[in-house]
Amino acid sequence: TNLQIISVENLSEPQVTCVRYSQDFKTLAAGTGIGIGNLVKARPIFLFDAKSHRVIKQLKGDGGATTALFFSNDGQYLFSGHNSGRRIIQMWNLGDSRNQEFKSTFSAVSVAGYADIAVDEKNQLILATTDDHSVEIFDLVTRERISKKGRAKIRHVRKLQYNAKVIFPLNGGNNFLVGGFDKSIVYIFNKEKRGITGYFHSIDNEWAVVAADGRMDGS
């Protein structure tokens with residue numbers, strides 16, 4: 001396959017820290033910044049038209065760096081995770097550029113902040129992974145408050161044994177695959193049960209799926 005560069009954009013920022021296409025691939029978001037907390041001024045998030053490659057909107061990000069991005073399925077919202085002195089996720093209404101903030105209950109001292117973000121198709125739940133092996137859940141409907149630490153309306157699912165980085169929504173966001181790069185294990189997160197309900201292991205072309213209740217299947 002022949003690959004070619006179709007556009008090069010100079011954003012005049014220290015660095016581009018993450019990118020994400022919208023679900024219909026019509027818009028591309030690019031986060032910028034430097035990941036050293038709130039010692040650095042807020043850096044913008046740029047939205048590009050994927051066809052013309054022109055900037056169509058610029059959002060004011062948080063201090064430090066934008067480390068994760070995710071578009072809602074309906075294209076109405078953009079979710080951005082930040083590594084800053086406040087360590088937050090922002091939910092942007094792309095119609096009027098207003099945003100809501102969700103504060104993490106975890107330490108603001110982190111290397112990479114949020115690793116990835118995913119949202120179900122009904123915009124009811126945010127699932128996010130962090131650089132300290134944690135999975136966080138934000139309930140957008142009930143603003144469920146599970147953690148007793150701070151004012152954050154957040155639920156700390158658990159700290160994983162391995163460093164989880166990427167999230168893939170399945171079945172409309174009823175389930176999420178949460179995976180990392182340092183071990184051959186993928187966690188299966190269930191929206192209804194609000195927790196990890198199984199594990200997928202793969203090594204040397206062999207595989208196994210193990211449910212939290214002990215059921216299993218594999219090669």
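The structure presented is a predicted model; accordingly, all values stated were derived computationally and were not measured.

A.B. asks: Can you walk me through the environment of Asn175 in this structure?
C.D. replies: Mapped onto the elements, Asn175 comes out in strand E14 (residues 175-180). Overall, the relative accessible area of 17% leaves Asn175 in the buried class.

A.B. asks: Got a minute to help me understand the packing of aromatic side chains in this structure?
C.D. replies: The geometry of an aromatic ring pair comes down to the distance between the two centres and the angle between the two planes. Summed over all chains, the structure comprises 4 aromatic pairs. Geometrically, the ring pair formed by Tyr21 and Phe25 is tilted, given 5.6 Å between the ring centres and 50 degrees between the ring planes.

A.B. asks: Whenever I open this one, the pattern of salt bridges confuses me. Can you help?
C.D. replies: Between side chains of opposite charge, a pair can form when the charged atoms approach closely. Scanning all chains against the criterion turns up 4 salt bridges. The partner of Arg20 in a salt bridge is Asp116, and the shortest N-O contact between them spans 2.8 Å. Residue Arg20 is located in strand E1 (residues 16-21), and its partner Asp116 is located in strand E9 (residues 114-119); the two are separated by 96 residues in the primary sequence. Assessed through its relative accessible area of 24%, Arg20 is described here as partly exposed. Residue Asp116 is classed as buried on the basis of its relative accessible area of 9%. A salt bridge links Asp96 to Arg98; its shortest N-O distance comes to 2.8 Å. Note on Asp96: relative accessible area 37%, which makes it partly exposed.

A.B. asks: I would appreciate a short explanation of the side chain of Ser22 in the present structure.
C.D. replies: Structurally, Ser22 can be placed in the loop between E1 and strand E2 (27-32). Judged by its relative accessible area of 6%, Ser22 falls in the buried class. Only 2.6 Å separates the side chain of Ser22 from the side chain of Asp24, close enough to count as a polar contact. Once residues lying within four places of it in the same chain are set aside, the contact partners of Ser22 are Thr27 and Phe71.

A.B. asks: What is the right way to read the confidence of the model for the protein from this model?
C.D. replies: A low pLDDT means the predicted coordinates there should not be read in detail. Per-residue confidence for the protein gives a mean pLDDT of 79; residues scoring 70 or more make up 77%. Across the protein, the secondary-structure element scoring lowest on mean pLDDT is strand E12 (residues 155-159), at 52, and the one scoring highest is strand E18 (residues 216-218), at 93. Under a pLDDT of 50 for its full length, residues 145-155 has, in the predicted model, 27 contacts with residues more than four places off or in other chains.

A.B. asks: Before we go on, may I ask you to explain the environment of Ala68 in this structure?
C.D. replies: Inspection of the secondary structure puts Ala68 in strand E5 (residues 65-71). For Ala68 and Thr130, which are 62 residues apart along the polypeptide, the C-alpha to C-alpha distance reads 10.0 Å. When near neighbours in sequence (up to four residues on either side) are disregarded, Ala68 contacts Cys18, Phe79, Ser80, Gly81, Tyr114, Ala115, Asp116 and Ile117.

Calculation rules
- Residues numbered from 1 in each chain as written.
- Predicted model: local features only at pLDDT ≥ 70, side-chain atom pairs only at ≥ 80, totals over all residues.
- Heavy atoms only, no water.
- Helix = DSSP H or I, 4+ residues; strand = E, 2+ residues; numbered from the N terminus.
- Buried < 20%, exposed > 50% of the residue type's maximum accessible area, 1.4 Å probe, protein only.
- Phe/Tyr/Trp six-rings, centres within 6.5 Å; stacked < 30°, edge-to-face > 60°.
- Salt bridge = Lys/Arg side-chain N within 4 Å of Asp/Glu carboxyl O.
- Polar contact = N/O pair within 3.5 Å; in protein donor to acceptor, adjacent residues only side chain to side chain.
- Contact = heavy atoms within 4.5 Å.
- pLDDT = per-residue confidence, 0-100.

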